[in-house]
Amino acid sequence: MTRRFMFDGQPVAFEDGQTIMEAARAAGHFIPYLCWHPDFPPHGSCKLCIVKVGGRHVSSCALPAKEGMEVESNTPEINAERRALLQMLFVEGNHFCPSCEKSGNCQLQALAYELEMTSARFNHIFPDRPVDASHPDMLLEFNRCIFCELCVRASRDVDKKSVFSLTNRGIHKHLVVSAESGRLGDTDFSRDDLAANICPVGVILRKRVGFAVPIGQRIYDEKPISQVSMEAEK
Amino acid sequence: MSAALETADNRQNLRRVVIDPVSRVEGHGKVTLLIDEDDQVREARLHIVEFRGFEVFIQGRPYWEVPVMVQRLCGICPVSHHLAAAKALDHIVGAPQVTASAEKMRRLMHYGQILQSHALHFFHLSSPDLLFGFESDVGRRNIVGVAGEYPEVARQGVLLRKFGQEVIRATAGKRIHGTGAVPGGMNRHLSADDRAMLAADADKMVSWSQDAVALVKRLHRAVPELYDNFGTFDSRMMSLVRADGAMDLYGGALRFRDAEGAIILDGVADQDYDQVIHEEVRSWSYMKFPFMHESGPDAGWYKVGPLARVQNCDFIPSPLAEVERQEFVAHGAGRPVHATLAYHWARMIEMLHAAEVIRSMLDDPDLMSGELMASGPRAREGVGIIEAPRGTLIHHYRVGDDDLVSMCNLIVSTTHNNQAMNTAIRTVASRYLSGRKLTEGLLNHIEVAIRAFDPCLSCATHALGKMPMVLELQAPDGSIFERFRRD
Ligand code: SF4
Ligand code: NI
């Protein structure tokens with residue numbers, strides 16, 4: 001007998017061991033996320049995927065679904081919380097979309113549109129870390145990192161290279177390259193690595209491409225992220 | 001002579017008057033006058049606080065980002081910076097000559113920018129002064145006043161500008177912060193829909209531009225004494241010119257003429273600009289003073305922009321504008337026209353030319369198909385020069401093997417015209433202000449002269465005819481004894 005829980009008032013079936021995120025997606029419901037990825041275990045750091053279960057705010061990517069749960073996701077309360085999280089991410093880094101080459105392909109920007117974030121709200125911190133251009137094919141623009149650790153996980157678990165890691169905590173947290181020099185050019189990183197192609201924002205960039213695809217004809221220019229994300233798995 | 005007004009003797013004994021227009025965008029211009037006890041102007045200086053930090057900001061950025069990034073330099077002419085940067089970076093990616101489709105798309109974008117900028121400048125910023133008079137009621141001296149008195153003029157101005165903006169959108173992707181030009185070419189063609197939409201209005205734009213030229217000529221002829229003499233001074237002139245001597249606002253080589261109209265230097269390749277143009281720093285000004293190196297800063301300065309371009313070329317390669325150019329040249333009766341207010345006349349001739357160029361280009365199939373990108377052996381350095389609406393704009397970059405910009409030098413039109421604008425305000429100050437009690441209308445004469453060169457200084461607030469301005473008269477000891485404010 002299939003078991004179910006209620007997701008925004010609609011019954012969603014699930015199998016043993018499925019998280020709320022997995023079951024909701026299988027049933028066609030989009031839940032915003034940044035650090036989650038279908039090919040990786042849940043990470044639970046970005047908190048964008050929060051939902052309300054039994055009066056508590058929990059990460060839907062990590063919490064196993066249970067029979068009879070009442071899950072609230074697309075509600076004004078939860079979306080306001082997600083917007084606040086996005087606003088914090090925007091001011092922590094340099095996310096100046098009009099001159100960022102990732103514009104239109106950036107999940108942070110796309111979620112801000114999806115969740116109707118219209119202002120920065122908090123004071124900008126304006127980090128100022130120099131770019132790392134030492135690698136022949138790839139560029140690192142550290143000031144846009146949102147610390148999702150997708151590159152860290154991809155490089156360690158799939159590429160088996162462990163090129164990236166995060167260091168320090170809180171406001172001092174930042175991405176580092178695992179080389180004595182700290183430079184990407186001194187690692188065996190390759191443009192074909194999964195880690196080179198997984199960053200949801202504009203940190204890990206292929207060189208010399210820039211604005212070759214016009215703004216307006218990019219992934220999230222064509223369709224909202226809720227649709228792109230759900231179609232990707234079909 | 002007015003040039004003597006750069007630095008007064010015994011400055012501490014003079015009254016100081018400050019005209020400080022607050023502008024919302026990048027350029028902030030301020031005029032200081034020193035006046036003696038007989039109300040004679042003894043010193044006049046235009047100070048422009050340039051956003052020089054930008055060159056440092058660009059250093060260390062990847063080169064492919066630069067044509068988009070530099071648009072933040074200026075809210076009025078982002079497209080010119082976009083294109084000048086792309087042209088400079090074409091050299092870096094080994095494509096000094098881009099494909100036919102790419103060059104035509106960029107040209108179309110650029111002439112759209114010329115059209116919209118010239119329309120904005122003339123109709124919104126300057127026509128209130130010219131139609132109502134420099135000392136007319138300040139409450140009416142704005143575009144709203146023009147719309148009330150001359151509704152058709154105002155309407156055409158608005159629609160000409162809008163058409164230019166549509167050309168930009170169709171080629172750059174957006175009206176502002178477009179991304180159409182990339183190092184080595186373009187990232188888009190013109191769509192069939194946009195082509196049809198623009199073609200439908202092109203004839204009207206040409207004919208309205210003709211009307212605008214006619215309007216400026218009428219203004220000149222009505223008060224020739226004013227128009228020929230207001231802020232008039234001799235100077236050299238510089239602009240890009242096509243190899244055959246034609247006006248070309250997108251490319252070509254640098255040509256210099258002396259005040260009599262004789263060519264003193266011709267065919268200077270854009271990549272060699274720094275062999276010819278040097279910049280002088282003066283203690284009182286943030287903005288540098290460019291000059292022809294071989295002549296030195298005192299003799300070697302020049303003016304740029306429409307007045308220089310219309311007279312520097314041998315002909316304009318579009319029939320209606322060429323007829324107007326000939327009439328303009330004839331007005332000089334054998335000598336170049338150096339009248340500051342003639343900038344408006346020359347500007348409207350260029351607007352007509354831009355409208356003609358856009359109209360004739362729209363039938364070109366290369367805009368809608370064909371290869372957009374070119375590449376070749378990498379280079380480390382590149383210069384891009386374009387005739388921006390207000391004058392010659394130079395972008396110069398060095399790029400390292402790691403693809404990051406290691407050096408950036410920009411000389412914008414306003415900087416080229418620094419000495420010329422200072423000379424214009426000194427000429428106006430000694431002729432109109434000296435010996436008289438200063439009023440808002442008299443001080444507006446100074447601004448009229450500046451406006452003829454460059455709308456970027458007073459920019460957006462100014463566009464509404466409201467230039468917040470504080471005037472302060474200081475006593476020799478520095479205390480303020482008179483102050484009035486206009487909002
Ligand atoms: S570089 Fe990109 S993928 Fe890696 S942690 Fe930062 S945002 Fe995530
Ligand atoms: Ni400008």
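Just so you know, these numbers come straight off a predicted model, no measurement behind them.

Calculation notes
- Residues numbered from 1 in each chain as written.
- Chains lettered and ligands numbered in written order.
- Predicted model: local features only at pLDDT ≥ 70, side-chain atom pairs only at ≥ 80, totals over all residues.
- Heavy atoms only, no water.
- Buried < 20%, exposed > 50% of the residue type's maximum accessible area, 1.4 Å probe, protein only.
- Helix = DSSP H or I, 4+ residues; strand = E, 2+ residues; numbered from the N terminus.
- Pairing = 2+ DSSP bridges.
- Domains from an automatic or database assignment.
- Salt bridge = Lys/Arg side-chain N within 4 Å of Asp/Glu carboxyl O.
- Axes fitted to C-alpha atoms, helices over the stretch in contact; angles between N-to-C directions.
- Contact = heavy atoms within 4.5 Å.
- Buried area = accessible area lost by both parts, 1.4 Å probe.
- Nonpolar A, V, L, I, M, F, W, Y, C, P; charged D, E, K, R; others polar.
- Phe/Tyr/Trp six-rings, centres within 6.5 Å; stacked < 30°, edge-to-face > 60°.

Draft legend 1. Just the pairing of strand E14 (residues 405-411) of chain B, in detail. Residue and element names in this part refer to chain B. Counting buried positions over the 7 residues of E14 gives 6, a clear majority of the element. Note: strand E13 (residues 391-399) against E14, 6 bridges, orientation antiparallel. Among the inter-strand pairings, His395 is bridged to a residue of E14, identified as Leu410. Taken together, E13 and the strand that follows it, E14, pair antiparallel across an intervening segment of 5 residues, in which Asp403 is found at a positive phi of about 80°.

Draft legend 2. Structural detail: the domain arrangement of chain B. Taken domain by domain, chain B comprises domain 1 (3-50 + 424-453 + 455-486) and domain 2 (54-419). Between the C-alpha centres of domain 1 of chain B and domain 2 of chain B the distance comes to 28 Å.

Draft legend 3. Main features of the pattern of salt bridges. All names here are of chain B. Inspection of the entire model under this criterion finds 45 salt bridges over all chains. The salt bridge involving Arg335 is made with Glu260; its shortest N-O contact spans 2.9 Å. Residue Arg335 is located in the loop between helix H12 (319-331) and helix H13 (342-361), and its partner Glu260 is located in the loop between strand E7 (253-257) and strand E8 (263-268); the two are separated by 75 residues in the primary sequence. Here Arg380 makes a salt bridge to Asp401, at a shortest N to O gap of 2.7 Å. Of this pair, Arg380 sits in the loop between H13 and strand E12 (381-388) while Asp401 sits in the loop between E13 and E14, placing them 21 residues apart in sequence. In this structure, Arg380 and Asp401 share a single accessibility class: exposed.

Draft legend 4. Up close: the sheet that holds E12(B). Residues and elements named next belong to chain B. Across the sheet, 3 strands lie side by side as E12-E13-E14; this open sheet has antiparallel pairing. Sheet topology places E12 and E14 at the edges, where each strand pairs with a single neighbour. Taken pair by pair, the neighbouring strands of this sheet meet at an average axis angle of 15°, ignoring direction. Here helix H3 (residues 78-92) sits on the sheet in contact with E12 and E13, set at roughly 150° to E12.

Draft legend 5. The interface of chain A and chain B, seen in detail. With 19 residues of chain A at the interface, the matching set in chain B holds 19 residues. Of the roughly 1,600 Å² buried where chain A meets chain B, counting both sides, 59% is carbon and sulfur surface. Taken together, the links from chain A to chain B amount to 4 salt bridges. The residue makeup of the side of chain A that touches chain B, split by class, is 11 nonpolar, 3 polar and 5 charged.

Draft legend 6. Geometry of the sheet that holds strand E1 (residues 3-7) of chain A. Residues and elements named next belong to chain A. Overall, mixed pairing links the 5 strands, which are arranged E2-E1-E5-E3-E4 in an open sheet. Because the sheet does not close on itself, it has two edges, and the strands there are strand E2 (10-14) and strand E4 (56-59). For this sheet, the mean inter-axis angle between neighbouring strands, taken without regard to orientation, is 40°. Running over the sheet, helix H2 (residues 76-92) touches strand E3 (50-53), E4 and strand E5 (70-72) and is turned about 150° from E3.

Draft legend 7. View of the packing of aromatic side chains. All names here are of chain B. By the definition in use, this model includes 14 aromatic pairs over all chains. Geometrically, the ring pair formed by Phe132 and Tyr150 is tilted, given 6.1 Å between the ring centres and 40° between the ring planes. Here the residue Phe132 occupies a position in helix H4 (residues 100-132), and Tyr150 occupies one in the loop between helix H5 (143-149) and helix H6 (151-172), the gap between them amounting to 18 residues. Pairing Phe134 with Phe230 gives two aromatic rings, centres 5.1 Å apart and planes at 65°, and the pair type is edge-to-face. Linking Phe134 in the loop between H4 and H5 with Phe230 in the loop between helix H8 (224-229) and strand E6 (236-241), this pair joins segments that are 96 residues apart in sequence. Taken together, the ring pairs in this structure connect Phe233, Trp301, Tyr343 and Phe453 into an aromatic cluster.

Draft legend 8. Structural context of the domain arrangement of chain A. Residue and element names in this part refer to chain A. Examined at the domain level, chain A breaks down into domain 1 (3-74) and domain 2 (100-226). Computed from C-alpha atoms alone, the centre-to-centre distance between domain 1 and domain 2 is 26 Å. Counting residues at the interface gives 11 residues for domain 1 and 17 residues for domain 2. With both sides pooled, the region where domain 1 packs onto domain 2 buries about 1,100 Å², and carbon together with sulfur makes up 73% of that total.

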